[in-house]
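Each chain, letter by letter, is given below.
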Amino acid sequence: MSIGTIIYRILIGPLELLFEVVFVVANRMVENPAYAIIFLSLAMNVLVLPLYRRADELQAEERDKENALRPWVTHIKKTFSGDERFMMLQAFYRQNGYKPTDTLKGSISLLLEIPFFIAAYHFLSHLTTIQGVPFGPIADLGAPDALLAVGGLTINILPILMTLINFVSAAIYMKGFPLKSKIQMYGVAVIFLVFLYRSPAGLVFYWTLNNLFSLCKNIFYKIKNPAKVLRIMLSILGVLLLLGLYLVYPMHSLRTQAIMTVVLLMMQAPMISHLFKKTGRQIRLPEQKYTKPVFWFSCGVLTVLTGLLVPSAIIHGSAAEFINMNSYSSPLWYVVSAFVIAIGTFLVWCGIFFNLAGDGGKQIMSLFAAMAAVGAVVDYMFFGKSFGNISPDLIYDMTPHVTRQMILVNFAALAVVAAVVLLLYTKKRALISLLLAVSCVALISMAAMNILGIRQELKDTDKIIAAAMDAEPAVTLSKSGKNVIVIMMDRQIGQFVPYLVHEKPELKKQFDGFVLYLNSVSFGNKTNFGSPALYGGYDYTPEKLNERDTESLESKHNEALKVMPAIFGDAGYDVTICEPTYAGYAWIPDLTVFDDHPEYHCFLANQKFDLEEYGYTLDPTVIQSKRLRNFFCFSLFRVAPAIFQSSLYHYGNYNAPKMVMTTEEGVIELFPQIADGPSKATGYRESFMQTYAVLCHLDDITTVEDTGTNTFFMMSNDTTHDPMILEEPSYEPAPIIDNTAFDAAHPYREDDEGNRLLMEDEMTLTHYQCNMAAMLQLGNWFDYLKEQGVWDNTRIIIVSDHGQDLFPGESKTDAAYTLAYESETDKKIHKKDMMAFNNVLLYKDFDSTGFTINEELATNADTPALATRNLIPNATNPFTGTRLTTYQEKPVELNLLYSMDWDVTVNNGNRFLEAEWFNVHDNIYDINNWTYKGWH
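First things first, this report covers the structure right here in the doc. As the structure is a prediction and not an experimental result, all values here were calculated from the model. (Residues numbered from 1 in each chain as written. Predicted model: local features only at pLDDT ≥ 70, side-chain atom pairs only at ≥ 80, totals over all residues. Heavy atoms only, no water.)

**Some remarks on the packing of aromatic side chains**
For any pair of aromatic rings, geometry is given as the distance between the ring centres together with the angle between the planes. According to the stated counting rule, one finds 51 aromatic pairs in the structure shown. Measuring from centroid to centroid gives 6.4 Å for Phe19 and Phe123, while their planes differ by 55°, and the two rings are tilted. Separated by 104 residues along the polypeptide, Phe19 in helix H2 (residues 13–30) and Phe123 in helix H5 (residues 108–125) bring together distant segments of the chain. Looking at Phe19, the relative accessible area reads 0%, which means it is buried. The structure contains a cluster of three or more aromatic residues connected by ring pairs, namely Phe19, Phe23, Phe117, Tyr121, Phe123, Phe192, Phe195, Tyr206 and Trp207. In this structure, Arg429 packs its charged tip against the face of Tyr425, placed 3.9 Å from the ring centre. We note Lys482 situated over the ring of Phe846; from NZ or CZ to the ring centre the distance is 4.3 Å. (Phe/Tyr/Trp six-rings, centres within 6.5 Å; stacked < 30°, edge-to-face > 60°. Helix = DSSP H or I, 4+ residues; strand = E, 2+ residues; numbered from the N terminus. Buried < 20%, exposed > 50% of the residue type's maximum accessible area, 1.4 Å probe, protein only. Lys NZ or Arg CZ within 6 Å of the ring centre and 35° of its normal.)

Structure representation (C-alpha cells):
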C-alpha cells in the first residue's frame, strides 16, 4: 500500500464507504438502482448540510469583514508602497483581528465539495449494479445517456442539464458577490461539464440531483425565516413517512421497523426543541473546559478500537488463514487498511464536523463522542462474542442471530453507560478526559501485542508458504500395481449416505464395491479432536493423546499424520499427500513436517482451480480488496449496539456492492451467497467453491501409469465442511437458486428401508446438499478411474473426522439423537445432538462389487487398519510399535470428547483443554446407549 493510497483511504475512503453503504441499503429497500441513487443524493446532502451551512456562515463572516476593511486597505495601497505598504497592511490586519489566510474561508464550500465529488466519481463510475439498468428515457445508467442523436452524432443531455441547473443555482447564491467569486463559481460548473460529459449516466444523474438540491437550498435561504419553514417541513415529512411505514410499506422485520421508526421520530427533534425553547426553559450546557480533549480522546479510542484492536485480534493466532496462496501479501495490510480508514472516519471527518461546529455543537459532539467510545468498548468486550466460527472472509458459519433478549440487555447496558458518561461529563469532565486517554493507551498496547504476535506467526510460516507455493497438484496411480487412496472429507455425515444413494441411484453404480459402515463414530466433535485417530489409529484418540502429557499436541498430531505414509513408504509405495489436516497445527498445512521424507510428493490444492462454468475464477486482487474494505466494517459490526449488528453484518457482505455476473436472468450478485430462507439464494460461498473445485478437477491432476509401482494417496477436502445452498436436484452451484417448489414437494428424504430424514431448516438442507455434491463429484472421479483401468486394483477409503450436530439450538430438542444430561459445571440440564460424532466411513477393497451397508460398530480410527489390511503384514505404528487394528478386532472404551475449543492456536498445549466427555456403545443411533461422563 503506497503513501498515495494511504492518503486517499484516509481522506476519501470513509466517504466512499459511506456512499457504498447508503446506496446498498437504499437499493435493498427500494429494489431499483435509480431510486437508490436518488435516496443516496438526498441522504448525502442532508448529512453534509450542516457542514455547508457552517461553511456559508464562515464565508459570509469573511466577506463582511473583508468588505468592512476594504476602504482602508484600498487607502493604504494607494498611499504607501513597498515595505512600508506591507508593514502598514500587517499592522492594520492585526489591529482588526484579520489574517490574510482568512480568505480561505471563502473556499471552504469548494474544498469540502472536492473529496465528496472524488468519492462519488470513483464509486458510481465503477458500480456494476447500475450497468445495463434503464431509468425513464435513459437506456443504461452505466453508460453515457446519449439521449439526443443528430445524424451519427449522439449528445449527452444530462451533463448539459446539470450545468444549467448549476448556473441558475450560482446566479441565485452569488447575488451581490464580487465578480471574481462569480467567475470562480461559473468556471467550476464548466469544468464539471467537461469532466463528466462522457461519464456514466448514473454518476451524472447523481450530481444533477446534488445541483438541484443546492438550487432548492439557495432558494430556500432567500425566503423569510427559513429555519421555521424547515422545522415544519421536517415534522410534516416525518409524520407522513411514519404513516407510510406502518400503513403502506411496513418493513419485513420488527428490528428494521424499530430502527426506521427511531430515525423518522428524530425528524421531529427540531420542532420539539423549538417548542421547548418557547416555554422559556433552556438546557444549560457546562463550561467549555476540556471539551476538545474529551472529543479527541474519544475519537482516538474509536480509531484504535476499530482500526487496530479488532482487526488485529481477528488475525492474531491464525494469520495464515488470511494468506492467499496465489498472491502472497501480509495480513497486516488488512490492519493497516482498517486503521487508515478509522483515522479518516473518526479523526479527520468527525474532526472536520467538530471544528466547523459552534460552541454548543462542540459540546454536544464531545458528549456523544464520549458515549460512543465507552459504549463501543463495552459492546466489544461483553457482547457479540458468541457468534461461532468465522472464515477469513469474515463470514460466520451460521448467520449471527441477535435475539430480542440480547438487544434488551445490550440496550440496558448502553443506557447505564450513557448515564455514567453524562454524569462525568457534567461534573468531572477532567476525569473522563483522563479515563479516555488511559483507555486509548491501553487499547494501543493490546493491539501492539496482537500485531507482534502476527509478525512472529508470519515469520514462522515463511517456510510453510514457500513449500505450499512450490508444489504442483499431481496424483499418480498405477495400472498394474496396487493403489491405496484415503480421502478425509471434513465434517461429512455418515447418517446421510443411505439417503443420498437412495435419491441418486447412480451413486450405487459409481460407488460399486463400497461398504458403508453406518454405525460409525469419531472420538471428537471437531477436527483437532477427531482427525488424529483417523490418520494414526487408536493410539491417537483424545484419551491417548492426553496420557502422553509430556509431548505437545502439535507433535502428536504431526506424528499421527505420518503413520500411514511411513508404513506404505517403508513398504515401497510411492506416497502422495494432499492438504494434510492441521499439519504443524497451522491453518495452511505445513508440508515441511514431511521434509524427512523428500521422496513423498506433498501439495496443497485449495485456491488452485477455477470453476468457470459457474462464473467462479480465482482473482486474488478481488479477494484482497474485499477484505481491505470489510475489516473496518467488521470492526464497526463488533462494536455496534446489538440492534444494528444484523444490518451491519448483512450475511457477511457488510453492505458492499457485490461482485456480479451477467446471466440470462440479468445481472446478479456473486459473492457472498445471500440466502432468503432455506430454499432461495443468490451467489456463491467462496470457501465452498474453492474446495469443491478441487473435487471437480481430480481427474485433471490424476495420471495413470503402467510401471507396476504401488501407490498410496492421502488427501483431505472441506467441501462438506463449508456448506452453501445448492441447486436441486442437480446439487450444483448456481448464481440464482430457487428450490422452493422442489423442497415443498420433498419435505423429507427417504432411504431404501423407508426411513425419513426431515428437511426443515437451512442447517440440515445445506449440509445434505454439500454432502451430495461431494459424493457426486467423487463418483465422477471414480468413473474416470474405471475408464483408466485402475478401479479393481485400487482400495479406497472415504472417511470424515466428525459429523455435525444439526438441530438449531433448543428449537429442535425432540430430535431422535438429542441427549439430555445434567452438567456438573452448572448443575443445569443441557441437550446435545450426538450426531456431531457420526462420521462417514466408506471402504472399497480390491476387486469388490456391489454397494452394501455394515451396521457393526466402527470408528474412524479403523482407517489405518483398513488401509493396510492384507497389504502390510502385521502393520504396526512405526512411532509406538502398536499393531494397527479395527474396533471389531480389538474393541476399546469409546470415550468421546465434545468441545468447542477447535482453534489449534489456542487449544495447543500438551493436553486438550477441559471439556465434556461422553461414552457410547453398540448402536450409536439409540440415544439410550449414550452416557455423559463429566467435565475433565
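Now, onward.
**Looking at the pattern of salt bridges**
One pass over the full model with this rule turns up 11 salt bridges. The salt bridge partner of Arg627 is Asp393, with a shortest N-O separation of 3.1 Å. Here the residue Arg627 occupies a position in helix H23 (residues 620–639), and Asp393 occupies one in the loop between helix H14 (359–382) and helix H15 (404–427), the gap between them amounting to 234 residues. Judged by its relative accessible area of 9%, Arg627 falls in the buried class. Asp393 gets classed as buried once you look at its relative accessible area, which sits at 13%. Arg749 is the partner of Glu728 in a salt bridge, and the nearest nitrogen-oxygen pair spans 3.1 Å. Taken together, the positions of Glu728 in the loop between strand E14 (711–717) and strand E15 (736–738) and Arg749 in strand E16 (residues 748–750) put the pair 21 residues apart, joining distant regions of the chain. The two residues Glu728 and Arg749 agree in class, both being buried. When salt bridges that share partners are traced, they join Glu503, Glu728 and Arg749 into one network. (Salt bridge = Lys/Arg side-chain N within 4 Å of Asp/Glu carboxyl O.)

**Remarks on the sheet that holds strand E18 (residues 794–799)**
Spatially, E8-E7-E14-E4-E18-E21-E5-E22 is the arrangement adopted by the 8 strands of the open sheet, whose pairing is mixed. Unpaired on one side and paired on the other, strand E8 (601–603) and strand E22 (852–854) mark the two borders of the sheet. For this sheet, the mean angle separating the axes of adjacent strands, direction not counted, is 15°. For strand E5 (residues 514–517) and strand E21 (residues 841–844), the ladder comprises 3 bridges, and the chain directions are antiparallel. Bridge assignment links Phe514 to a residue of E21, and that residue is Lys844. On top of the sheet, helix H22 (residues 553–570) reaches strand E4 (483–489), strand E7 (574–578) and E14; it is set at about 165° to E14, its chief contact. Across the sheet, helix H28 (residues 762–787) is in contact with E4, E5, E14, E18 and E21; its angle to E4 comes to roughly 170°. (Pairing = 2+ DSSP bridges. Axes fitted to C-alpha atoms, helices over the stretch in contact; angles between N-to-C directions. Contact = heavy atoms within 4.5 Å.)

Geometric values such as these leave the question of function open.
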